[in-house]
Amino acid sequence: MPFDRPNAKRRDILRATASALVLPGLQFLPRDAWAQAGDTLTIAYNVSPPSWDPNTGPSSVSPGLSSIFRSIYDPYVVQKEDLSLAPGVCDQFAWNADKSAITMRVRKGVTWHDGRALTPADVAWNLNRLATLPAPLQSIFASIKNIKTAGDSVSFEVTPWRANMLERLTFLGCYLIPPHYYEKVGKEGFEKAPMGSGPYMIEQFERGSFLRLKAYKGYWGGAPAYDTVVFKFATDAATRIAEIERGSSDLAVDMPWEEFDRLKAKPGLSGVAHPTTDIAMIFLHNIGVMADPNVRKAAVHAIDKKLIVERIQRGYARQIDTLLAPQYKGYDASITTPYDPKLATELLAKSGFSPAKPVEFTVQTTRGYKPKDYETVQAIVEMWRRVGIKANIEVYEIAKHFELRTQHKLAPAAFYNWGNSTADPESSLGSAMFSKSPHTSWKGGEVDAALSALFIEKDEAKRMAGYKSLNKTIADNAYILPLFQFYQPVVYKASVDFKPHLAGFILPQSIGKKR
Amino acid sequence: MSPAFLLRRLLLAVPTLFGVAVVVFVLLRIVPGDPIAMMVPGEATPEDIARLRESYGLDKSIPMQFVIYLDHLVRGDFGVSISLKQDVLTLVLGRLPATLELALVAITLSVTCGFTLALASTYWRGTWIESGVDAINSIALAIPEFLWAMLLILAFAVLMPLFPISGRIDPMRATAFATQFYLVESLVRGQFGLARELLGHLALPALALALPLIAVIARVLKSSLQEVMVQDYILLARIKGFSNLRILTREALPNALLPTITLTGVHFIFLVGGTVLVELIFAYPGIGNMLFGAASNRDLPLIQGVTLVFALLFILLNIAIELSYALVNPRLRH
């Protein structure tokens, strides 16, 4: 199968040459030259916070920043490594009987980083801010209405109803900030010196370079294992690899799989590749030939996802046949779309296509935005070619993808990834397939009608049964083409006790020391 | 060069900057990428997108956006960064010193090493030293700065851990600076230990930027020196019994400088442009690193601001280069 890159740019070739020269050379090198002090955890990280307001702006909806925000700010409710909900600042939380409102009890003894108590009134102020602040997810949080405090509890109505409102309160945009401090220092003052109630306080921030955190002694959850944490912001993977290789960082994230395999085999280093709530898929747009169900189904059955996972992702991915990964609510393992090139050929023949007279369309993809995205699409195009599909690859930047997607102008097929850290099907299937969403490519009355009903369904059992049924409809009719669940590579020193988080968070407060 | 000439050049900078502002504004609206589409997560609704578009003024027509942009610009308001949510000018001025220090160290390295190599290869012309210098120049020129950056990390940060891999300062150091010119400030304050540490962080990125320029300077200066060395006045100097070293440094070098200055100036501008990739690889918090982030997020106000500041920098550099001609060439002073 040809995986060459005929359109590779000069810079790509030079970069590849540099990596070929530099990276293998690292394996012969002495390690741990400048190891950090034992009480300091240094993380070579790939995302730097652009701004510190966790409730608004692009920072508030960047999943990559959640690792940092969770170190400084507390969410209302904690999301554990397996994405289940757990007591946090709000140690009790529940929907009322008719599921019209949520009541949360504020934990006693929680303090802001200035030592002042975190009160139910503070939580109410934050909820009100969340509901009214212009922010990328304002439509969702505008459902928070009629906020009331009573004793140590805060309650609010959810109108219109949103099934995953509790799950939403665990991450993106939902971190608590101290009202008294924010009102005193203002927006700009807060950007200069942010404050929260999380396990760490900001000690020094060098934008684009590093962030140094100090453990907050008064943290309600107890002292973390490391007193000081340094996030070194290294956008380039080669820099992060050099950091962990040399020993000047204790933990590094996101690197090519070839490097992950090499690094984790080295003495003194460990590595884990764990599944995350991010999936690879191909949006199908029911325009032109893609309106033909035979073409869509053939496109689905012609792809050997197992081969893609093994050869291109080096085994560090899990093939999926629905938009829901196995860890999501509503996942149904019985819904499959098996690799069957013979069936694909037969389906195409019904519509008058064959390898000699192929059906032709454009498939769009990014190159390098996600690991091996372009290579994956190249492999798919080759698999399609064998059954009678001629797909022309159009490479674009991710910015172009977003622009086209919000305008519903994607090509008949477009590769993308979709994250869903709530694990609720509404946040993935719901947003990716509902035609009124600006993030969908498929336009279909059948799916829209089912989703409209599911969005207001309050009976959880019925809701999940409905999503399973809809998932089956989508798979049977090939309205979208799920490929695989991404894994996240993390390499760390053997002295570090790292616990992976399904959402891909690197939480310093959860990282321990091995004895 | 008269003050009137200098004033004229500075006044000419205004239409140049206006032209840059127009081109950048138009180009950013033509190239694909919607900053709001980049920002919103999967669950955002069309209403969220419309509201954000309105809050950033992107709902207005492009000519109207340009009028508003220009109106703000003439009042010194570069706008607010979409991704960093701060005043663009403050952000750019905050990061510019880091890049200027990096560029300054790089140009110092380039000039020092380039001159040394050119003088050495001319002095020992026809020997293995000249061949060696030529070989070094060819290698330095053949490899782009970002590849040098990776090779230098391997060689001097990992293989021989002499220098830090990333950043501008040791993350564990608690130091409060009054300005963003860390190196200059530490030298002025006499904190030489701190200055040494800062130079340690600057060494590899500066060398990565400097290497191609070292080769350019060495080649051009060597070529100029060789032309000068066959002139009659050099022959006269030899007849007078001056030493080869004196002839080279006192008689030939001043007359060979002009083309070198011209080319060094032009390449210095490329060097400043090259900081984007080098700063990214070394996680160096300069303006280039910020520009990369701004481009990735389609942060239009920030890209416009950084580009304008780069343009201003280039204009000032060009004026400085012309001033330096006058210093080395007496004919231009009149």
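Residues numbered from 1 in each chain as written. Chains lettered and ligands numbered in written order. Predicted model: local features only at pLDDT ≥ 70, side-chain atom pairs only at ≥ 80, totals over all residues. Heavy atoms only, no water.

Undergrad: How would you sum up the confidence of the model for chain B? Please name residues and give values.
TA: Residues and elements named next belong to chain B. Confidence along chain B averages 86 in pLDDT terms, with 97% of residues attaining 70 or more. Here helix α2 (residues 35-39) stands out as the element of chain B with the lowest mean pLDDT, 75, in contrast to helix α8 (residues 182-188), whose mean of 93 is the highest. Of the two predicted TM-score estimates for the complex, the pTM is 0.84 and the ipTM is 0.80. (pLDDT = per-residue confidence, 0-100. Helix = DSSP H or I, 4+ residues; strand = E, 2+ residues; numbered from the N terminus.)

Undergrad: Before we move on, can you summarise the sheet that holds strand β4 (residues 90-95) of chain A with the specific residues and values?
TA: All names here are of chain A. Taken together, four strands build an open sheet; the order of strands is β4-β5-β7-β6 and the sheet is antiparallel. Whereas interior strands pair on both sides, the edge strands pair on one side only; in this sheet they are β4 and β6 (144-150). Going from strand to strand, the sheet's axes swing by 15° on average, the running direction of each strand aside. With five bridges joining them, β4 and strand β5 (residues 101-106) adopt antiparallel strand pairing. From the neighbouring strand, W95 faces β5, where its bridge partner is I102. Docked against the sheet, helix α3 (residues 120-132) engages β5, β6 and β7 (153-158), running at close to 175° with respect to β6. (Pairing = 2+ DSSP bridges. Axes fitted to C-alpha atoms, helices over the stretch in contact; angles between N-to-C directions. Contact = heavy atoms within 4.5 Å.)

Undergrad: How would you explain the packing of aromatic side chains if you had to name every residue and give the values?
TA: Enumeration over the complete set of coordinates arrives at 31 aromatic pairs over all chains. An angle of 45° between the planes, with centres 6.1 Å apart, marks the rings of W52(A) and F69(A) as tilted. A residue pair is termed long-range when its members are at least 10 positions apart, and W52(A) in the loop between β1 (40-45) and α2 (66-72) and F69(A) in helix α2 qualify at 17 residues. For F69(A), a relative accessible area of 1% translates into the label buried. With a centroid separation of 5.9 Å and 35° between ring planes, the pair formed by F310(B) and F314(B) is classed as tilted. (Phe/Tyr/Trp six-rings, centres within 6.5 Å; stacked < 30°, edge-to-face > 60°. Buried < 20%, exposed > 50% of the residue type's maximum accessible area, 1.4 Å probe, protein only.)

Undergrad: Now, about the side chain of S121(B): what can you tell me, with residues and values included?
TA: Residues and elements named next belong to chain B. As for its position among the elements, S121 is in helix α5 (residues 88-123). We classify S121 as buried; its relative accessible area is 0%. Apart from residues lying up to four places away in sequence, S121 is in contact with E130, V133 and K222.

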